[in-house]
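# A closer look at the structure
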Amino acid sequence: MKLRFEGDTTDLQEGIQLLLQELHITVEEDGVIVQVEPSAGDLEVGLEQGKAYIRYGQKHQFFRGLGLLVQHGRCGEAFQLQEKQQFDTIGPMFDLSRNAILTLDSFKFMLNKMALMGLNTVMLYMEDTYEISGEPYFGYMRGRYTQAELKEIDDYADQFGIEAFPSIQTLAHLEEFLKWEPVKHYKDTKGALLVGEEKTDLLVEQMIEAASAPFRSRKIHIGMDEAEELGRGKYLDLNGFASRFDIMTTHLEKVLKVAKGRGLKPMMWSDMFLKLASEGGGDYYNEDTQISEEMARRIPKDVDLVYWDYVHTERDEYESLIAKHRPLGCNLVFAGAVWVFNTFGVNYGLSLNASDTALQVCKKEGIREVYATMWGDDGMESNPFIALLGLQLYAEHAYSEEKPDWARISERVKFCTGIEADVYLQLKYLDETPGSEPDNRKQSNPSKFLLYQDVLLGMFDKQIEGLDMSAHYAEVEQNIRSRRDDNAALDYLFEVPEKLCGVLRQKSEIGIELKRAYDAKDWETLKHIATNVLPAIGEAVRELRGAHRTQWLSMFKPFGWEVIDIRYGGVINRLETASFRLLEYVEGRIGRVEELEEERLLYSTTNRFTNKGVGWCSYYYRMASPNVFFHVLNPF
């Protein structure tokens, strides 16, 4: 397809060239004329009598329009589209703090996709992964972004009318910085800053200055979520007991003063206020929570509150929780999620349903700013690229008064990313297994704990006993393989899930088989497992690791991969040790295998027998062993 633009495209040229190159479209004198015109706000795209037009109100809308023109105009048939943007601001939040730091090229590639979708903002979540002058331990060995790198991301995003801005932590979630002994003077508890101290106040000023300086945007997210430890460590020793609400509001006022002094517009997570208002002070979603007049009066009103909710699927649940925020008197922003956290795949069953409902309610409730978070909890075995179907859902909601139909979402994601919606959906079956709740509503993550659990210890074996996991993963492996497209630029994303299924097809139930053979004194089966099955699993894990390493280094900085590398090494080494011990036993050199003598218990009360799925575990070290990985005498 060839195009020729007419009208004022001065501010659009760089973005046009980038997207047309990706779409394999050229600008030629004999191309289809595209009349570019401003509009009152709506996006209008069409092709009539061989001539096309794009009328747009904001810069980012033009690039969505360009994508729609190419998508619908390739066949040469006339069409007309008109869309009204439902949210002022909508886009993803990338977690750049849990090992996986996107390279500049990967970030730019993602911005290209966002531009085609019509998204207009991106939040960079950086706990300590940006540089602060004079603080060498801040982001040390973590792949932190330089000021120049952040400016390059901002410049690139601006070409498409996408607003990039930082999301930092000015209170808690700073474990990775505060772990260093030379900065212990900043530490209250393991993850919370020692507030109320002059040196801490100065650090916060430096954080805000360093994080905001590279960006055009005057927005900044100051974090402050999940600060349950606040005031309960060194602060308590120095100052005695004080209510967390008093500590937090005092600190917040200082942070807001710094931000406003630099002309910034701050936002923060809302959970701590609702938790502090709930009975017992710990449940964000407590139905009985009521914001008191005293609390509402004392909370500053010049900060936007971000209500995050990743799990609810009913409209009345969102309506109720939005209503609980209203007495706080602050502008309300919403953050949903595409569940790539604590898994190798994407929990699309939950993500799509929860986000679909949430976005419909946000439109009804007049919430004008929406984000799709993609957290990387516990090391980020997953990645944001496999979440593009989820982002497409957010984009289509942004330009639809009603719920967008699935056919439209499917067509758009195929055009914008080159991958069929059904291929993305196969990734949900890494965790949506036999025994899980419908759409994996309880967030089971067997793709992770069945890979990392030890075959001799079998900590999750009771969770999956009686479920045909091997057959399930064999089917998913085949389904992914049969749907892949070598010609698609993003096809490589499915190499890791396919190979993971190949591992789990063999490994998921081997612990159960081992225990059964051991109890039955079936020496022949034990020897077969030791000499054939476990080495084959080890080889499959090596292939998976190789594919994962290639994928990681193509999209992320190398820092953080060592964590995943070590995890794979642990799996391989323990498989070799299991083979060694089994052969010691069957050949009579030891009288028993003590690990296999132990009774298998349920890992947790989160199991299918209580209608909570097949299980959830948040931390690798708890999946790998029940024994001590580390012991902290003083966690504060």
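It should be noted that the structure appears before, not after, this text.
What counts, and where the lines are drawn
- The residue count restarts for each chain, going from 1 along the sequence in the order it is written.
- Given that this is a predicted model, residues contribute local features only at a pLDDT of at least 70 and side-chain atom pairs are listed and counted only at 80 or more, while totals for whole chains, interfaces and linings are drawn from all residues.
- Note that water and hydrogens are dropped before the side-chain values are worked out from all heavy atoms of the structure.
- Counting from the N terminus, the helices are DSSP H or I runs at least four residues long and the strands are E runs at least two residues long.
- Atoms counted for the radius of gyration: C-alpha only. Globule rule: 2.2 Å times residue count to the power 0.38.
- To sort residues, take the accessible area from a 1.4 Å probe on protein chains only and compare it with the maximum for the residue type: under 20% means buried, over 50% means exposed, and anything in between is partly exposed.
- Working rule for contacts: check all heavy atoms of both residues, and any pair within 4.5 Å makes them a contact.
- Lys and Arg are tallied as positive, Asp and Glu as negative. Neither His nor the chain termini are counted.
- The atom standing in for a charge is NZ when the residue is Lys, CZ when it is Arg, CG when it is Asp and CD when it is Glu.
- One requirement defines pairing of two strands: DSSP has to find at least two bridges between them.
- We call a crossover right-handed when, viewed with both strands directed away from the observer, the connection leading from the first strand over the helix to the second proceeds clockwise.
- Only rings of Phe, Tyr and Trp enter the pairing, Trp through its six-membered ring, and a pair is recorded when the two centres are within 6.5 Å. The plane angle decides the type: under 30 degrees is stacked, over 60 is edge-to-face, the rest tilted.
- Remark: a charge is flagged as sitting over a ring if the NZ atom of Lys or the CZ atom of Arg is within 6 Å of the ring centre and within 35 degrees of the ring normal.
- The length a helix should cover is 1.5 Å for every residue beyond the first.
- The convention used is that axes are lines fitted to C-alpha atoms, helices contributing only their stretch in contact, and that angles between N-to-C directions extend from 0 to 180 degrees.
- As used in this record, nonpolar core signifies buried Ala, Val, Leu, Ile, Met, Phe, Trp, Tyr and Cys residues forming a set joined through side-chain atoms within 4.5 Å.
- Patch building starts from residues that exceed 30% relative accessible area and form no salt bridge, then joins like charges within 9 Å and nonpolar side chains (Val, Leu, Ile, Met, Phe, Trp, Tyr) within 5 Å.
- Every accessible area reported is derived by Shrake-Rupley at a probe size of 1.4 Å, with residue values counting cover from the shown protein chains alone.
- Salt bridge, as used here, is a side-chain nitrogen of Lys or Arg placed within 4 Å of a carboxyl oxygen of Asp or Glu.
- These descriptions rest on fixed angle ranges, namely under 35 degrees for roughly parallel, over 145 for roughly antiparallel, 65 to 115 for roughly perpendicular, and the rest for oblique.
- Here the nonpolar group is Ala, Val, Leu, Ile, Met, Phe, Trp, Tyr, Cys and Pro; Asp, Glu, Lys and Arg are the charged ones; every other residue, Gly included, is treated as polar.
- The crossing is said to be left-handed when, going from far helix to near helix, the turn is anticlockwise and less than a right angle, and right-handed when the turn is clockwise.

Let's shift gears to the overall build of the protein. When you go through the protein residue by residue, the secondary structure sums to 24 helices and 14 strands. Expected size for 636 residues packed as a compact globule is a radius of gyration near 26 Å; at 26 Å, the protein falls within 12% of this value. Summarising its shape, the C-alpha atoms of the protein cover approximately 85 × 65 × 45 Å along the three principal directions. Relative to its 636 residues, the protein shows a buried fraction of 58%. In the protein, the share of contacts with a sequence separation of at least 24, taken over all contacts with a separation of at least 6, comes to 76%. Side chains of the protein carry 72 positive and 102 negative charges; the gap between the two charge centres is 2 Å.

With that settled, the discussion passes to the pairing of strand β1 (residues 2-6). Along any regular strand, the residues point their side chains to alternate faces of the sheet. Residue alternation in β1 divides its side chains into a buried set, Leu3 and Phe5, and an unburied set, Lys2, Arg4 and Glu6. As paired strands, β1 and strand β2 (residues 26-27) are joined by two bridges and run parallel to one another. Paired with Leu3 across the two strands is Val27, which belongs to β2. Read from β1 through helix α1 (residues 13-23) to β2, the crossover connection turns out right-handed. Of the pairings in the sheet, the one linking β1 to strand β3 (residues 32-38) comprises four bridges and is parallel in character. Across the sheet, the residue bridging to Glu6 is Gln35, located in β3.

The full count for this structure, using the stated rule, is 35 aromatic pairs. Measuring from centroid to centroid gives 5.8 Å for Tyr137 and Tyr140, while their planes differ by 70°, and the two rings are edge-to-face. Classification of Tyr140 by relative accessible area gives partly exposed; the value is 34%. Geometrically, the ring pair formed by Tyr518 and Tyr585 is tilted, given 5.1 Å between the ring centres and 40° between the ring planes. Here the residue Tyr518 occupies a position in helix α20 (residues 510-519), and Tyr585 occupies one in helix α22 (residues 561-586), the gap between them amounting to 67 residues. One exposure class covers both Tyr518 and Tyr585, and it is buried. Linked through ring pairs, Phe5, Tyr56, Phe62, Phe63, Tyr156 and Phe160 together constitute an aromatic cluster. The ring centre of Tyr53 lies 4.1 Å from the NZ or CZ of Arg55, which sits over that ring. Over the aromatic face of Tyr399 sits the side chain of Arg64, whose NZ or CZ is 4.2 Å from the ring centroid.

Turning our eyes to something else, we now look at helix α6 (residues 198-212). End to end, α6 covers 21 Å across 15 residues, agreeing with the expected 21 Å (1.5 Å per residue, within 8%). For α6, the complete set of buried residues consists of Thr200, Leu203, Val204, Met207, Ile208, Ala210, Ala211 and Ser212. The secondary structure elements touched by the buried residues of α6 are α4 (147-158), β9 (163-167), α5 (175-178), β10 (219-221) and α8 (244-261).

Spatially, β2-β1-β3-β5-β4-β6 is the arrangement adopted by the six strands of the open sheet, whose pairing is mixed. Edge positions in the open sheet fall to β2 and β6 (79-83), since each of these has one partner strand only. Of the pairings in the sheet, the one linking β3 to strand β5 (residues 51-56) comprises five bridges and is parallel in character. Opposite Val36, over in β5, you have Ile54 as the bridge partner. Across the sheet, helix α2 (residues 59-73) is in contact with β1, β3, β4 (43-48), β5 and β6; its angle to β4 comes to roughly 30°.

Turning our eyes to something else, we now look at the nonpolar core. With 218 residues, the main nonpolar core has Phe62, Phe107, Leu124 and Tyr130 as its most contacted residues. With 11 residues, the single largest contributor to this core is helix α21 (residues 523-555).

On the surface, a nonpolar cluster with roughly 290 Å² of combined accessible area is contributed by Tyr140, Met141 and Phe559. Along the polypeptide, Phe559 turns up in the loop between α21 and α22.

A word on the environment of Pro166. One can find Pro166 in strand β9. Excluding its chain neighbours within four sequence positions, the residues that come into contact with Pro166 are Leu124, Met126, Ala211, Ser212, Phe215, Lys219, Ile220 and His221.

Looking now at the packing of α21 against α22. Orientation of α21 relative to α22, taken along the N-to-C sense of each, is 170°, at an axis distance of 9 Å. The orientation of α21 with respect to α22, classified from their angle, is roughly antiparallel. Partitioned by chemical class, the residues of the contact of α21 with α22 number 21 nonpolar, four polar and six charged.

At a minimum axis distance of 9 Å, the contact between helix α19 (residues 495-507) and α21 shows a crossing angle of 165°. Classified by the angle their axes make, α19 and α21 are roughly antiparallel. In the packing of α19 onto α21, the handedness of the crossing is left-handed. Here Glu495, Val496, Lys499, Leu500, Val503, Gln506 and Lys507 of α19 lie close against α21, whose contacting residues are Ala536, Ile537, Ala540, Val541, Glu543, Leu544, Ala547, His548 and Gln551.

The next point concerns a negative patch on the surface. A cluster of acidic residues, Glu287, Asp288, Glu314 and Asp316, forms a negative patch on the protein surface. For Asp288, the location among the structural elements is in the loop between α9 (271-277) and α10 (293-298). Under the relative-accessibility criterion, Asp288 is labelled exposed at 64%.

What follows covers the pattern of salt bridges. Tallied over the entire structure, the rule returns 65 salt bridges. A salt bridge links Lys108 to Glu152; its shortest N-O distance comes to 2.6 Å. Separated by 44 residues along the polypeptide, Lys108 in helix α3 (residues 104-117) and Glu152 in helix α4 bring together distant segments of the chain. Classification of Lys108 as buried rests on a relative accessible area of 18%. One salt bridge in this structure joins Glu576 and Arg542, with 2.9 Å as the shortest N-O distance. Note that Glu576 is positioned in helix α22 and Arg542 in helix α21, a separation of 34 residues in sequence. Accessibility expressed as a relative area gives 35% for Arg542, which makes it partly exposed. One connected set of salt bridges, linked through shared partners, spans Glu477, Arg481, Arg484, Asp491, Glu495, Glu498, Lys499, Arg505 and Glu543.

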